[in-house]
Amino acid sequence: MYNEKTIEKLKQKILDLAIRGKLVPQDPSDEPASILIEKIIKEKEKLIKEGKIKKPKEDSFIFKGSDNLYYENLNGKVKCIQDEIPFEIPKSWEWCRLYHLGNILGGGTPSTSIKEYWENGTINWFTPAFMSNINNKYVWETNIKISLKGLKHSSAKLFSDNSIIMSSRAPIGYLCINKIVACTSQGCKTIELYNKSILEYMFLAIKSNINFIISIASGTTFKEISLKKFSNLLVPIPPLNEQIKIANKYNKLINIIENIQKEYDNT
């Protein structure tokens, strides 16, 4: 009989290789990640000008100094962040804060004592409890929906499809991609990416960071990751073409492993 823990370690190893640039070879002809990040930041600035998102109070960019150490320019102040860098990445990759890549949203729950907020609801509403029962990373519908009045009278925020949703408490770490416009309870954080082409790789990047996210969470009754800490998460960004190859290779390998598991279980 196969060992379930060994299988999970194998899957984790494949994920680690993926986000360290060791799952697929680098292609020198690929446009470097620095150009991709510049394009994403321009898309972000456009949304700010259009009034669709708020300008962040803090803004930064990360660069490698002549001493080969990583630095961050935060609102004009430069600080060495080498101690935050968890591992080396290929030369064509870049480190980036999560908030540069997407709008990070919290959630909310309409008052359960007001029926109008729930009856005949049409807006998909994600909760950690719902996410605990799904087996697919893509979700087309939630089991509970709220009404437009419920949305307006709570801190829940509507976000577009193909965003990444993570349960941020009770517990931390359930992860999925919504295929419909939706909102969440306060027990979730959502990354509404400025450039949806990086969606599949970013799902892996967040997934690979779950244990770290849990380690920096705080709370007494239960651990929770704050919006600020989540927004400041460092993620390694490959060139776009490499992101596509990484996601395809990762999915292919995981599918092979899971198919072997199914065949073994059926014998």
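Residues numbered from 1 in each chain as written. Predicted model: local features only at pLDDT ≥ 70, side-chain atom pairs only at ≥ 80, totals over all residues. Heavy atoms only, no water.

1. Section: the side chain of serine 231
Logical step 1: Within the secondary structure layout, serine 231 lies in helix H7 (residues 227–231).
Logical step 2: With relative accessibility at 12%, the residue serine 231 sits in the buried group.
Logical step 3: At a separation of 2.7 Å, a polar atom in the side chain of serine 231 contacts the main-chain carbonyl oxygen of leucine 227.
Logical step 4: Other than its neighbours up to four places away in sequence, serine 231 contacts Arg97, Leu98, Tyr99 and Ile104. (Helix = DSSP H or I, 4+ residues; strand = E, 2+ residues; numbered from the N terminus. Buried < 20%, exposed > 50% of the residue type's maximum accessible area, 1.4 Å probe, protein only. Polar contact = N/O pair within 3.5 Å; in protein donor to acceptor, adjacent residues only side chain to side chain. Contact = heavy atoms within 4.5 Å.)

2. As for the packing of helix H5 (residues 199–208) against helix H8 (residues 240–265)
Logical step 1: Two elements in contact, H5 and H8, have axes separated by 8 Å at closest approach and are oriented at 65 degrees. Judged by the inter-axis angle, H5 sits roughly perpendicular to H8. Crossing angle aside, the handedness with which H5 passes H8 is left-handed. Residues Glu200, Tyr201, Leu204 and Lys207 of H5 form the contact with H8, whose participating residues are Gln243, Ile246, Ala247 and Tyr250. (Axes fitted to C-alpha atoms, helices over the stretch in contact; angles between N-to-C directions. Parallel < 35°, antiparallel > 145°, perpendicular 65-115°, else oblique. Left-handed = near helix turned anticlockwise from the far one by under 90°.)

3. Topic: the pattern of salt bridges
Logical step 1: A full pass over the atoms with the stated rule returns 12 salt bridges.
Logical step 2: Glutamate 50 serves as the salt-bridge partner of lysine 52, at 3.3 Å between the closest nitrogen and oxygen.
Logical step 3: On the basis of relative accessible area, lysine 52 is assigned to the exposed category, the value being 59%.
Logical step 4: Linked through salt bridges whose partners overlap, the residues forming this network are Glu8, Lys11 and Glu258. (Salt bridge = Lys/Arg side-chain N within 4 Å of Asp/Glu carboxyl O.)

4. Quick look at the sheet that holds strand E6 (residues 123–126)
Logical step 1: In space, the 3 strands of this open sheet follow the order E8-E6-E11, with mixed pairing throughout. Strands at the two margins of the open sheet, each flanked by one partner only, are strand E8 (145–146) and strand E11 (182–184).
Logical step 2: Bridging between E6 and E8 involves 2 bridges; their strand directions are antiparallel. Counted as the bridge partner of asparagine 124 is lysine 145 from E8. (Pairing = 2+ DSSP bridges.)

Any link to function would need more than the numbers given here.
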